[in-house]
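Coordinate inspection notes
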Amino acid sequence: MSTVELKPTIINHISYAAAGLLCVLAFSPFHQWWLIPCILAWVLNQSQRTPLVNKDRYTGPALFSLCYFLGHLYWLVIPMHDFARLNWFLSILLLFASCSLLGFFMYMTFYTTAKASDRFSPLIAYLLVFPCVWFLNEYLRSMFFPWALIGFSQTTDLSLRWLLPIIGVWGVGWLIALLSGMLALLTKYPYRQSLVIFITTLITLVFSLTVATNLRTITEPHLTIPGDVAFTTVQHNEIKDFYQPDLSNESLQEQLTLTDTIAKPNHLIIWPESALPVANEKAAWIGDLKHWLQQRNISLLSGITWHTNQGISPAAILLDDHTDSNQIVYKQHLVPFGETVPFKGIIQPMLDFAGIPLFSMVSQVGDYSTIAFGPHVIAPIICYDILFTDQATSSLDH
């Protein structure tokens, strides 16, 4: 292949990759939600402009899908290296493998849309096939890794956020995909037809935003709270490996020192996930910690790694002088490769053969789904569980 032929291909690949990475700006904390429909419309049109015989028609959307998730999940390299003890090469390799798997679902949406456009028409492909397959791809992906669903980009008041309690994050994703298809069609047809599509798109967007905004009054939660809960969050800035006993105990002492400095009586103290050492029901230091809390008339809600006969699980624990037993709520969804090995029957033997020290925690159901704190009920949502909205709503129902 000559240099003249190669240059447009390289530019196209860079454009697709940049578009995928740029999508992260649509999400918190950037909140540029309008970027998603614009970028998806660009990807649809860009791939359709490529001739059928050109492989770039499919490699471009594949590269976009990969970079979309790389922009969201790049940070997974840090816990894989620091906590799973993988070297940098393997951490980056697993990151690319995970993003490739997630990107496959998104890529199949573009692939199916391209095939439908060739066989039927862009109108059917963009307004029917693309939104429906996008909905299916996000629904299937959510069964094991619901990260970066496009509905999560709707976080500002002037967005579709108020539709989320009505049609859910997948429904909002379907609507965004529909708007993307409408935008993509604007460049597909002559002036008059494009004008009709533009007006239809504008009406759909304005109507959706109007309905979403008006739903604000009925979708905002109205909770009857029995009094205020005074709480203080405490977290020191030292990075500690809580699986190493010496470092973990040192981290605990730093948390105690900092808490003793700023905590007020009758406050609920909240500590982060890795503040306490790995423990079980027989851990003697828990009784000592309860006594320390009782002396200061404070209670503690903290993340903890809890060990039972079923295995090791991330959890949240409440320690106070009003209950004899430890109230523990377990994390239900574990982060792939960070806390659990997906497809363990296949991947774990390969990791063992290569001598890679990656183990799986377990997800277990305990005696509590919520925590009682005086007249209040606390429903802890631990880390990755926040993405599974059905768990949050079921906890609140109880």
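Our structure's up above, just so we're on the same page.
Here is a short report on the structure shown in this document.

What counts, and where the lines are drawn
Residues numbered from 1 in each chain as written. Predicted model: local features only at pLDDT ≥ 70, side-chain atom pairs only at ≥ 80, totals over all residues. Heavy atoms only, no water. Helix = DSSP H or I, 4+ residues; strand = E, 2+ residues; numbered from the N terminus. Buried < 20%, exposed > 50% of the residue type's maximum accessible area, 1.4 Å probe, protein only. Contact = heavy atoms within 4.5 Å. Pairing = 2+ DSSP bridges. Axes fitted to C-alpha atoms, helices over the stretch in contact; angles between N-to-C directions. Parallel < 35°, antiparallel > 145°, perpendicular 65-115°, else oblique. Left-handed = near helix turned anticlockwise from the far one by under 90°. Nonpolar A, V, L, I, M, F, W, Y, C, P; charged D, E, K, R; others polar.

This next bit is on the overall build of the protein chain. Regarding its fold elements, the protein chain presents 13 helices and seven strands. Every one of the 398 residues in the protein chain was classed for burial, and the buried ones make up 45%. Considering only contacts in the protein chain between residues 6 or more positions apart, those separated by 24 or more positions represent 66%.

Here we take up the sheet that holds strand β5 (residues 327–330). The five strands lie next to each other as β1-β2-β3-β4-β5, forming an open sheet whose pairing is mixed. Whereas interior strands pair on both sides, the edge strands pair on one side only; in this sheet they are β1 (231–233) and β5. Across the sheet, the mean angle separating the axes of adjacent strands is 35 degrees when strand polarity is ignored.

Most of strand β4 (residues 311–319) is tucked away: eight of the nine residues are buried. Direction of pairing for strand β3 (residues 299–308) relative to β4: antiparallel, over a ladder of nine bridges. Across the sheet, residue Gly303 finds its bridge partner in β4, namely Ala316. Hairpin connection, β3 to β4: the antiparallel pair is bridged by two residues.

Look at helix α2 (residues 35–49) against helix α5 (residues 88–119): their axes get within 11 Å of each other, and the N-to-C directions meet at 50 degrees. In terms of orientation, α2 lies oblique with respect to α5. In this structure, α2 crosses over α5, and the sense of that crossing is right-handed. Where α2 abuts α5, its residues Leu40, Val43, Leu44 and Gln48 lie against Phe110, Thr113, Ala114, Ser117 and Asp118. Partitioned by chemical class, the residues of the contact of α2 with α5 number five nonpolar, three polar and one charged.

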